[in-house]
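Spelled out from the first residue to the last, the chains are:
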Amino acid sequence: MTEVLIEARGVCKTYGNGVAALDEVSLTVARGEVVCIVGPSGSGKSTLLRTLNAMEPISAGEIRVLGEAVHDRRTNLNRLRTRVGMVFQAFNLFPHRTVLQNLMLAPRIVGGVADAQAREQALRLLDKVGLGDKHDQYPGQLSGGQQQRVAIARALAMNPQIMLFDEPTSALDPEKVGEVLDVMKALAAEGMTMCVVTHEMGFARAVASRVVFMDAGRICHVDEPQRFFDGSGHPRLQAFLGQVLQG
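Residues numbered from 1 in each chain as written. Predicted model: local features only at pLDDT ≥ 70, side-chain atom pairs only at ≥ 80, totals over all residues. Heavy atoms only, no water.

Generally, phi is negative for residues other than glycine and the peptide bonds are trans, each holding for most cases. Its identity as a non-glycine residue notwithstanding, E24 has a phi of 55 degrees, on the positive side. The residue E24 is located in strand β2 (residues 20-30) in this model. A positive phi is found at A54, a non-glycine position, where the angle reads about 65 degrees. Among the structural elements, A54 can be located in the loop between α1 (45-51) and β4 (60-65). (Helix = DSSP H or I, 4+ residues; strand = E, 2+ residues; numbered from the N terminus.)

We now examine the environment of V87. Relative to the assigned elements, V87 resides in strand β6 (residues 84-87). Judged by its relative accessible area of 1%, V87 is buried. Along the backbone, V87 and G44 are 43 residues apart, and their C-alpha atoms lie at a distance of 17 Å. When near neighbours in sequence (up to four residues on either side) are disregarded, V87 contacts Q148, A151, I152, A155, M163, L164, F165, D166 and P168. (Buried < 20%, exposed > 50% of the residue type's maximum accessible area, 1.4 Å probe, protein only. Contact = heavy atoms within 4.5 Å.)

Okay, the pairing of strand β7 (residues 162-166) next. Extensive coverage of β7 is indicated by the burial of five of its five residues. The alternating pattern of β7 places I162, L164 and D166 and M163 and F165 on opposite faces, both of which are buried. Two strands pair when backbone bridges link them, and β6 and β7 are joined in this way by four bridges, in the parallel orientation. Pairing of G85 across the sheet is with M163, part of β7. Pairing geometry for β7 and strand β8 (residues 193-197), over five bridges, is parallel. Bridged to M163 within β8 is M194. In this view, the connection linking β7 to its parallel neighbour β8 by way of helix α6 (residues 174-189) has right-handed handedness. (Pairing = 2+ DSSP bridges. Right-handed = clockwise from strand over helix to strand, strands pointing away.)

In structure tokens:
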């Protein structure tokens, strides 16, 4: 039986003005799955992703990640977050630290890893994302695509069991998108469990185990990529795909 690493049940998120960002959302992600979440802007995709590691509180429902109740006050979130890597639209690198120092920081400070071991791992991860020759440079010296690849390597430095990606290519120039997606495809091929909010339909079609369509805070349709993109699903999905896949 496949192990479920992420389980959201009946999750609601309502803001003070009464607007429901998430409305009875339920979703599971099994070990080794790549689940891509797509939908129009404001549909709740990023909000859902951010609730998975308690970056956003929820109003109702339950989320369990790696067997732990994420929004239970008794849960050690700092410990849980070391097992769940997250990559944002913004790269969030420390500009005053070199690429190598950015990767070494969390393993040393949070994980208690010795300097030599942290350095060896950081260099290996930079090679993995194709940036082994950039270890002594600062983030400002890198392109957006390179910075995002460093951000992925930094998330991997804590040896997470799950990777969350929140629109990791949306801030990049079009010609830099592919280099980031290639790294993510390689991670998926290695069996990394991934939950990805994305506008990149080609990536979702090629890599996802399942694709989730959200609209107005609800999950409207979930399917395997081949069936998802044939346009025969939910009417709102058909309209969405008609817009994003036109031409």
